[in-house]
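Overview (structure and organization)
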Amino acid sequence: QVTIFADAPFRKSDLRKDANSLSSLVSEQGHPHVTIDIKTENGADSNFIDVTYDIHPGPKVTMGEYYFSGNFKTRESYLREEGALETGKPFSLKELLQGQKRVQDHSIFKSVFFKPMGLKEKAEKIHLFVELEEKKPLYLQMGGGYESERGFFTQSKFGDRNLLGTNKHAWLGGE
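Right, let's walk through the structure included here. Quick caveat, the model's predicted, so the values are computed rather than measured. Along each chain, the written sequence defines residue order, and numbers are assigned to residues from 1. Selection of residues for local features in this predicted model requires a pLDDT of at least 70, selection of side-chain atom pairs for listing and counting requires 80 or more, and totals for whole chains, interfaces and linings are taken over all residues. With hydrogens and water stripped out, all remaining heavy atoms of the structure feed into the side-chain values.

Looking at helix α2 (residues 76-83)
Basically, it comes down to this: Think of it in three bands: residues with accessible area under 20% of the maximum for their type are buried, residues over 50% are exposed, and the middle band is partly exposed, with areas taken using a 1.4 Å probe on protein chains only. Comment: elements are numbered from the N terminus, with helices defined as DSSP H or I runs of at least four residues and strands as E runs of at least two. The arc under discussion is defined with respect to the helix axis, by the directions toward the C-beta atoms. Contacts between residues were defined by any pair of non-hydrogen atoms, one from each residue, lying within 4.5 Å.
Those residues of α2 lying buried are Y78, L79, E82 and G83. Buried residues in α2, looked at end-on, bunch into an arc of 130°, giving them a common side. Structurally, α2 contributes buried residues whose contacts are with β3 (62-69), α3 (93-104), β4 (109-117) and β5 (125-134). Phi turns positive, to about 60°, at A84, one or two residues after α2.

So this is what it looks like as structure tokens:
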């Protein structure tokens with residue numbers, strides 16, 4: 001979203017906002033190392049300022065392979081689908097963060113950490129290392145008591161919070 005327009009008052013703070021917006025647009029096309037130089041000059045009319053944004057996109061970066069650690073029960077295919085970053089596609093930091101949030105939002109994990117390998121080194125291909133800590137998927141609940149109408153009773157429930165490694169919840173109970 002651009003904030004500087006012709007015939008609008010000039011504010012120096014708007015230059016950085018516009019540069020950040022442009023940087024974000026270019027970055028999402030697979031250029032996460034984009035830099036933008038801002039140049040201002042007095043216009044032909046002294047009431048105007050000419051603004052130039054020199055965009056240096058940096059190298060084209062694509063998404064590489066996924067590597068998982070800590071997913072003892074959860075299937076890798078399920079995690080790849082939830083992460084939604086496809087191998088060979090332009091790397092998008094925005095999509096990376098959205099994928100991490102989608103995986104973190106599942107109740108089957110205690111923690112989720114996405115580490116893009118090669119991003120700091122400006123590699124052409126970014127591989128993603130995903131560290132997970134799963135919650136215990138299986139549980140057993142038991143209870144009992146006494147009611148005057150029913151007498152003594154017991155209840156039990158056995159469940160799996162991550163059925164077949166796909167974040168499905170199933171349980172079986174009885175009284």
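Now that the structure has been shown, we can carry on.
Focus on the pattern of salt bridges
Keep this limit in mind: Salt bridge, as used here: a side-chain nitrogen of Lys or Arg that lies within 4 Å of a carboxyl oxygen of Asp or Glu.
Enumeration according to the criterion identifies eight salt bridges in this entry. Residue K110 is joined to E133 by a salt bridge in which the shortest nitrogen-to-oxygen separation is 4.0 Å. Placement of the pair is K110 in strand β4 and E133 in strand β5, with a sequence separation of 23 residues. Classification of K110 by relative accessible area gives exposed; the value is 56%. Between E175 and R150 there is a salt bridge, with the nearest N and O atoms lying 2.8 Å from each other. With a gap of 25 residues between them, E175 in the segment after β8 (168-174) and R150 in the loop between β6 (138-147) and β7 (151-163) connect regions that are remote in the sequence. A relative accessible area of 63% places E175 in the exposed class. When its relative accessible area of 42% is taken as the criterion, R150 is described as partly exposed. Ionic contacts of the salt-bridge type, sharing partners, join the residues E147, R150 and E175 into one network.

Side note on the environment of G99
Mapped onto the secondary structure, G99 falls in helix α3. On a C-alpha basis, the gap between G99 and F114 in space is 9.1 Å, while along the polypeptide they are 15 residues apart. Ignoring any residue separated from it by four or fewer positions in sequence, one finds G99 in contact with E82, G83 and F114.

A short note on the nonpolar core
Threshold: To form a nonpolar core, buried Ala, Val, Leu, Ile, Met, Phe, Trp, Tyr and Cys residues must be joined to one another through side-chain atoms within 4.5 Å.
Counting residues in hydrophobic clusters, the biggest one holds 18 residues, and the most contacted among them are F91, V103, F109, F114, L128, V130 and L132. Sorting the residues of this core by element identifies β3, α3, β4 and β5 as the ones contributing at least two each. Among the elements that take part in this core, β5 stands out by supplying four residues, more than any other. If sequence neighbours within four positions are ignored, V130 has contacts with Y66, Y67, F68, S69, F113 and F114.

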